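One letter stands for each residue in the lines below.
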Amino acid sequence: MRKERPKIFLYGSYKDNTGPANVNRYLIQHSKNNILYEKASNKLVKRIERLLYFLYSDVIVFSGLGKYKYWLQYAKMLGKKTIYLMHGCVNYEAHIKKF
């Protein structure tokens, strides 16, 4: 019997022209429709869509900078597995560049 793939929700911007958004867009394009992500642009619809994806998903990937505090707590409360994609670290980059 074949094991079903986990349902993954990518919570992060993919429409902007920033490093994290570019990475997210690439992940979405190459996921073969295996990743859920917010498609709505209306704020209210977007929140409803996000809420449904939080309930439906097995894993929630937080990507890029954002106001994740409450959504991360909500995911933990639901017992969801969470991942945070860190696209860079200013302190580390400053250290290796000797700033």
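Along each chain, numbering runs from 1 in the same order as the chain's sequence is written. It should be noted that, the model being predicted, local features are given only for residues of pLDDT at least 70 and side-chain atom pairs only at 80 or more, the latter also being counted only at that level, while totals for whole chains, interfaces and linings use all residues. The basis for the side-chain values is all heavy atoms of the structure; hydrogens and waters are excluded.

Student: I tried to follow the overall build of the protein chain on my own but got confused; where do I start?
Tutor: Segments assigned H or I by DSSP are reported as helices when at least four residues long, segments assigned E as strands when at least two residues long, and all are numbered from the N terminus. The secondary structure content of the protein chain amounts to four helices and four strands. The order of helices and strands in the protein chain, counted from the N terminus, is β-α-β-α-β-α-β-α. Taking the principal axes of the C-alpha coordinates as reference, the protein chain spans close to 50 × 40 × 30 Å. Whether a residue is buried, partly exposed or exposed follows from its accessible area with a 1.4 Å probe, protein chains only, as a fraction of its type maximum: under 20%, in between, or over 50%, in that order. Counting the 99 residues in the protein chain, one finds 28% classified as buried. Taking all contacts inside the protein chain whose residues are at least 6 apart in sequence as the whole, residues at least 24 apart take part in 48%. Put simply, the protein chain shows about 7,800 Å² of open surface, and 59% of that area lies on carbon and sulfur atoms. Distance from the positive charge centre (19 side chains) to the negative charge centre (6 side chains) of the protein chain: 2 Å. In what follows, residue pairs with any heavy atoms lying within 4.5 Å of each other are defined as contacts. Method for areas: the Shrake-Rupley scheme with a 1.4 Å probe, in which residue coverage is limited to the protein chains shown. Here Asp and Glu are counted as negative and Lys and Arg as positive; His is not counted, and neither are the chain ends. Charged side chains are reduced to one point each, which is NZ for Lys, CZ for Arg, CG for Asp and CD for Glu.

Student: Any chance you could explain unusual backbone geometry here in plain terms?
Tutor: For residues other than glycine, phi is negative in most cases, and the peptide bonds are mostly trans. Phi angles above zero are rare outside glycine, and K32 is one such case at about 55 degrees. Here K32 shows up in the loop between α1 (19–29) and β2 (35–37). In this structure, N33 is a non-glycine residue whose phi angle is positive, near 60 degrees. Mapped onto the secondary structure, N33 falls in the loop between α1 and β2.

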